[in-house]
Amino acid sequence: MADITGDQRIQSEVLEGLATAVNHRRWFVELALPYLGDNPIEIGSGLGDYAIEWAEHLPRFTATEADPDRLVLLKERMADYANIDVRQMLLPSADANGEYSAAVSYNVLEHIEDHVGALRSMADLVRPGGRVIIIVPAFMFAMSNVDIATGHIRRYTKKTMRAAMEDAGLQIEKMHYANALGLIGYYGATSIFKLAPKEGPMVKVYDSVVLPVTKAAESIVKPPFGQSVFVVARVPS
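What you are looking at is a predicted structure, and each value in this text was computed from that prediction instead of being measured. (Residues numbered from 1 in each chain as written. Predicted model: local features only at pLDDT ≥ 70, side-chain atom pairs only at ≥ 80, totals over all residues. Heavy atoms only, no water.)

### Quick look at the overall build of the protein
What counts, and what does not: Counting from the N terminus, the helices are DSSP H or I runs at least four residues long and the strands are E runs at least two residues long. Radius of gyration here is computed from C-alpha atoms only, and the compact-globule reference equals 2.2 Å multiplied by the residue count raised to the power 0.38. Three exposure classes are used, based on accessible area relative to the maximum for each residue type with a 1.4 Å probe and protein chains only: buried under 20%, partly exposed in between, and exposed over 50%. A contact between two residues is defined here by any heavy atoms of the two lying within 4.5 Å. For the area figures, the Shrake-Rupley method with a 1.4 Å probe applies, and any residue is considered shielded solely by the protein chains shown. In this count, Lys and Arg are taken as positive residues and Asp and Glu as negative ones, while His and the chain termini are left out. The location of each charge is read from NZ of Lys, CZ of Arg, CG of Asp or CD of Glu.
A count of helical and extended segments in the protein gives nine helices and seven strands. The C-alpha atoms of the protein give a radius of gyration of 17 Å, which matches the 18 Å a tight globule of 237 residues would have. Each of the three principal axes of the protein carries a C-alpha extent, and together these read 45 × 35 × 35 Å. Here the protein, with 237 residues, has 51% of them falling under the buried criterion. When contacts within the protein are restricted to residue pairs at least 6 apart in sequence, those whose partners lie at least 24 apart make up 76%. Taken as a whole, the protein presents about 10800 Å² of accessible surface, with 57% of it coming from carbon and sulfur. Averaged over its 23 positive side-chain charges, the protein has a centre that lies 6 Å from the centre of its 29 negative ones.

### A look at the pattern of salt bridges
To be explicit about the condition: The working definition used for a salt bridge is a side-chain nitrogen of Lys or Arg within 4 Å of a carboxyl oxygen of Asp or Glu.
Under the counting rule described, the total for this entry stands at nine salt bridges. Salt-bridge contacts for Arg-25 lead to Glu-53; the nearest nitrogen and oxygen are separated by 2.9 Å. Placement of Arg-25 in helix H2 (residues 22-32) and of Glu-53 in helix H3 (residues 49-55) is noted, with a sequence separation of 28 residues between them. Just as Arg-25 is buried, Glu-53 falls in that class too.

### As for the pairing of strand S4 (residues 100-106)
Here is the rule we go by: The rule for pairing is simple: two strands pair if DSSP sees at least two bridges between them. Crossovers are described as right-handed under a simple rule: with the strands pointing away from the observer, the path leading from the first strand over the helix to the second runs clockwise.
Most of S4 is tucked away: seven of the seven residues are buried. Sheet topology note: the S4/strand S5 (residues 126-137) ladder contains six bridges and is parallel. Considered in S5, the bridge of Ala-102 is made with Arg-131. This β-α-β element, S4 to helix H5 (residues 115-124) to S5, shows right-handed connectivity.

### Some thoughts on the packing of aromatic side chains
Definition in use: Each Phe, Tyr or Trp ring, with Trp reduced to its six-membered ring, pairs with another whose centre is within 6.5 Å; inter-plane angles below 30 degrees give stacked pairs, above 60 give edge-to-face pairs, and intermediate values give tilted ones.
Summed over the entire model, instances satisfying the criterion amount to nine aromatic pairs. Geometrically, the ring pair formed by Phe-28 and Tyr-106 is edge-to-face, given 6.1 Å between the ring centres and 85° between the ring planes. Note that Phe-28 is positioned in helix H2 and Tyr-106 in strand S4, a separation of 78 residues in sequence. The same class applies to Phe-28 and to Tyr-106, which are both buried. For the ring pair Phe-139 and Phe-141, a centre distance of 5.8 Å and an interplane angle of 35° mean the geometry is tilted. Taken together through their ring pairs, the aromatic side chains of Trp-27, Phe-28, Tyr-50, Trp-54, Phe-61 and Tyr-106 make up a single cluster.

### Details of the packing of H5 against helix H7 (residues 158-167)
Heads up, the rule is: Here an angle of 0 to 180 degrees is reported between the N-to-C directions of two axes, which are lines fitted to C-alpha atoms, with helices fitted over the stretch in contact. The labels follow the angle: roughly parallel below 35 degrees, roughly antiparallel above 145, roughly perpendicular from 65 to 115, and oblique for the rest. Working rule for handedness: look at the near helix, and if it is turned counterclockwise from the far one by less than a right angle, call the crossing left-handed; if clockwise, right-handed. Polar here means any residue other than Ala, Val, Leu, Ile, Met, Phe, Trp, Tyr, Cys and Pro, which are nonpolar, and Asp, Glu, Lys and Arg, which are charged; Gly is therefore polar.
One can describe the packing of H5 onto H7 by two numbers: an axis separation of 8 Å at closest approach and a directional angle of 55°. Here H5 lies oblique to H7, going by the angle between them. H5 and H7 meet at a crossing whose hand is right-handed. Contact with H5, carried on its side by His-115, Val-116, Leu-119 and Arg-120, involves Met-161, Ala-164, Met-165 and Asp-167 of H7 and no other residues of that element. Looking at the contact of H5 with H7, its residues break down into five nonpolar, one polar and two charged.

### Here we look at H2
Among the residues making up H2, those that are buried are His-24, Arg-25, Trp-27, Phe-28, Val-29, Leu-31 and Ala-32. For H2, the elements touching its buried residues are H3, S4, S5, strand S6 (171-178), helix H9 (201-218) and strand S7 (228-234).

### Quick notes on the nonpolar core
This is how the line gets drawn: Among the buried residues, those of types Ala, Val, Leu, Ile, Met, Phe, Trp, Tyr and Cys that are joined through side-chain atoms within 4.5 Å form a nonpolar core.
Counting residues in each nonpolar core, the largest one holds 35 residues, and the members touching the most others are Leu-119, Ile-134, Met-161, Met-165 and Leu-170. Looking at which element gives the most residues to this core, the answer is H5, with five residues. Leave out the neighbours within four places in its chain, and Leu-119 touches Leu-109, Val-132, Ile-134, Met-161, Ala-164, Met-165, Ala-168 and Leu-170. Judged by nonpolar contacts, the second largest core, of 28 residues, contains Trp-27, Val-29, Ala-51 and Leu-211.

So this is what it looks like as structure tokens:
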């Protein structure tokens, strides 16, 4: 198994800050929802914000965490949700039960050195014909001190994401950039002004003003760049 990369304290601060970006989270919840099936597993659930929103629409959901301290907090938070199971998982993993309808992982793969092995592990968790759903940060030029502090090894393009998926034996069904204005804002904030995306006015203005415009525009035309790469891949039958 791989080590957990990055400063866990800084990761938690960033997670707590981004938890206030409600519109951003709901957009990304909507992106994955049609592909989750009836019993998905999330790799790297963090504080559990995505898990809670996805689980509202599903009979069963499994949330996971690699970091022991965040796992304790995740279990405490999920105790009131009867349809959410919580387990510890660190990728790559030897667990190959193939019981889940999908494996979804948001902003985790960029932390893992053996990202192809991690994708294979995710595929092994899923039934044949099920999906692996990924969001990762995009474009290496946007790699900042925030990325490094939180343990990001890389950022992706559609080309590098496609290569990793194909090396893992997965069949891409859908892939596109998401949140074009977010990439511009993130680069300006973290690379030019040296700020971290924590809770505060910057995140609130972005989420309430910029994000709705971006989402509406990208529902019509997919942009040639974005803050994230979104990809859905099928596990071969």
